[in-house]
Amino acid sequence: MHIQMYIDGEWTEATEGNKREIINPFNQEVIATASEGTRSDSEKAIAAARKACDEGSWASTPASERGEMVRLVGQKIKDNREELAHLETLDTGKTLEESLGDMDDIANVFFYFAGLADKDGGEVIESPLPDSTSKVVREPIGVCTQITPWNYPLLQAAWKLAPALAAGNTLVIKPSEITPLTTAKVFEFFEEAGFPAGVVNLVLGTGAEVGALLSESNDVDLVSFTGGIETGKTIMQAASGNVKKIALELGGKNPNIVFADADFETAVDQALNAVFFHAGQVCSAGSRLLVEESIHDAFVEKLVERAAWIKLGNGFDETTESGPLISAEHREKVERYIQIGLDEGATLAVGGKRPEQADLKNGFFLEPTIFTNCKNDMRIVQEEVFGPVLTVETFTTADEAIAKANDTIYGLAGAVFSTDIDKAEMVAGKLRMGTVWINDFHPYFAQAPWGGYKQSGFGRELGKIGLEEYTEVKHIFRNKNPQPVGWFK
Ligand SMILES: NC(=O)c1ccc[n+]([C@@H]2O[C@H](COP(=O)([O-])OP(=O)(O)OC[C@H]3O[C@@H](n4cnc5c(N)ncnc54)[C@H](O)[C@@H]3O)[C@@H](O)[C@H]2O)c1
Ligand SMILES: C[N+](C)(C)CC=O
């Protein structure tokens, strides 16, 4: 399989003819090659999107028609969910069951924004001035660039593509250079659906080469980025040249607070899922467990026992519960953090090394790892590891749990487990995070906004606000009886 870029309605090779091998992280086999673009490919894609925006008809196409085209793409994703899920598992190593779930979520995101496209008819304002009307309308922002990460390749792309198009923008998207397969596949659906040339553009390549111009260019009106905090800071600076709008969906170090009155088995099971799902490569992973002191020992004993039994393997094997990490470099980063945890004096309760099974030796696997005796000022507690690593701390009062949970630069997500719902609601209200789950961990869906407080970023995806992020707000005031002002004599 070979994938190309899609610029101005044409499938195209990189200008300089470079290619990249795409690797299956389960066995390091080459599963595809992809065109590897350079800055000039980004220039072409931005120029195509600019032309389609300034001279094309997409923005003025009736919103209901735009919505229908977005819906058509959602339907094609639904009709091809098995093929897409297969590609996603090959590319990321995640289990096929998870990829299938992602595809269902993705189709729903397209359907949701398709439905929202024609629902905002503007707002009439009661003007305080005589003989006048006043209304507020939303318009497309213009040319949007979108940069996505490798952990949920098509899902993170869908959260950007569907609302941008429903709102009438033109766009250029750059998926992570290591997981471009499903995003490229969906561009076949855009083509089949008949999107006008230049409205949707796909560039492939590294962030430094292809991605940089997407945030720097003065021809771009908005850049939406999902990825790591350091890249986010670089993009924020690069975007300042023409004061373009920015949306940043960055990392997290998400607390999971378990009170002694929580349902024990449920809380253990959820804590396990919170951190070890997709090998911990989830922005909202519950990687900081805060457990009430009185149940700490029993809770950790059960958690450790169950973590040791997590079945690692090939994402296509139905018995596999967790796949590999995405790459050799990423596994080495996570291993460095495990060493940091040990050096800081945390107690390694389980895991901490590569599995020894022969059938896993070619994959980038790491055992589910739990550190106990952790303290909030440790780097292993404060920094995003983005792997299967859990830190455990204790608390004795709700206030202490809240203080520890909020003691982080991040503010993406968190959870509280308790059968005392008033207490759980009180804690949820005091957590400085964009999403808080009560007696659950991980749910997200098209109807509810997603995004971070603090250094987890700004802007929101999904929900009604996820569409509004791709619009400008305009106030139109009309004087129905114009007269000379008479101020200057
Ligand atoms: N908040 C969320 O919703 C959310 C969702 C998924 C992932 N994430 C975060 O993503 C990170 C993991 O993803 P990653 O390793 O791919 O992140 P990353 O920051 O390394 O890369 C993300 C994307 O940015 C591109 N990029 C890199 N440097 C760039 C530059 N200078 N200019 C423009 N683009 C550049 C990359 O090529 C890639 O496409 C984690 O921190 C995770 O928490 C956040
Ligand atoms: C936003 N989410 C949870 C789908 C993926 C985060 O990495």
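Residues numbered from 1 in each chain as written. Chains lettered and ligands numbered in written order. Predicted model: local features only at pLDDT ≥ 70, side-chain atom pairs only at ≥ 80, totals over all residues. Heavy atoms only, no water.

With an unreviewed UniProt entry as reference, the protein chain is termed Betaine-aldehyde dehydrogenase, source organism Shouchella xiaoxiensis.

## Considering the packing of helix α5 (residues 153–166) against helix α6 (residues 181–193)
Their axes nearest at 9 Å, the elements α5 and α6 cross at an angle of 35 degrees. Like other packed secondary-structure pairs, α5 and α6 cross with a definite hand, here right-handed. The residues of α6 that touch α5, namely those facing Pro153, Leu154, Ala157, Leu161 and Leu165, are Thr182, Thr183, Val186 and Phe190. Grouping the amino acids of the contact of α5 with α6 by side-chain chemistry returns seven nonpolar, two polar and no charged. (Axes fitted to C-alpha atoms, helices over the stretch in contact; angles between N-to-C directions. Helix = DSSP H or I, 4+ residues; strand = E, 2+ residues; numbered from the N terminus. Left-handed = near helix turned anticlockwise from the far one by under 90°. Contact = heavy atoms within 4.5 Å. Nonpolar A, V, L, I, M, F, W, Y, C, P; charged D, E, K, R; others polar.)

## Description of the site of ligand 1
Around ligand 1 sit 28 residues, and of these Thr148, Glu177, Thr231, Leu250 and Glu384 come closest. Contact between ligand 1 and Gly228: an oxygen atom at 2.9 Å from a main-chain N or O atom of the residue. Here an oxygen atom of ligand 1 and a side-chain polar atom of Trp450 are 3.0 Å apart. For ligand 1, the protein covers 87% of the area, taking 850 Å² as the surface of the free molecule. A majority-of-atoms criterion places ligand 1 in the largest pocket. (Near = heavy atom within 4 Å. Polar contact = N/O pair within 3.5 Å; in protein donor to acceptor, adjacent residues only side chain to side chain. Areas by Shrake-Rupley, 256 points an atom, 1.4 Å probe, with all protein chains shown as cover. 1 Å grid on protein atoms, 1.4 Å probe; cavity = no way out; pocket = protein on both sides within 12 Å on 5 of 7 lines; lining within 4 Å. Sits in = over half its atoms within 2 Å of the grid points.)

## Some points on the UniProt feature "active site" (unreviewed entry) in the protein chain
Here the UniProt-annotated "active site" (unreviewed entry) positions come out as Glu249. A residue is classified by how much of its surface remains accessible, and Glu249, at 5% relative accessible area, is buried. Among all residues touching Glu249, those that are not within four sequence positions of it are Phe225, Thr226, Gly227, Trp450, Gly451, Gly452, Ser456, Gly459, Arg460 and Glu461. (UniProt positions renumbered as here; feature names shortened; annotations may be inferred. Buried < 20%, exposed > 50% of the residue type's maximum accessible area, 1.4 Å probe, protein only.)

## Digging into the sheet that holds strand β6 (residues 123–125)
What the three strands build is an open sheet, ordered β6-β7-β21; its pairing is antiparallel. If you trace the sheet from one side to the other, it starts and ends with β6 and β21 (471–479), each paired once. Between one strand axis and the next, the sheet turns by 25 degrees as a mean value, whatever way the strands run. Pairing geometry for β6 and strand β7 (residues 132–140), over three bridges, is antiparallel. Bridge pairing links Ile125 to Ser134 in β7. (Pairing = 2+ DSSP bridges.)

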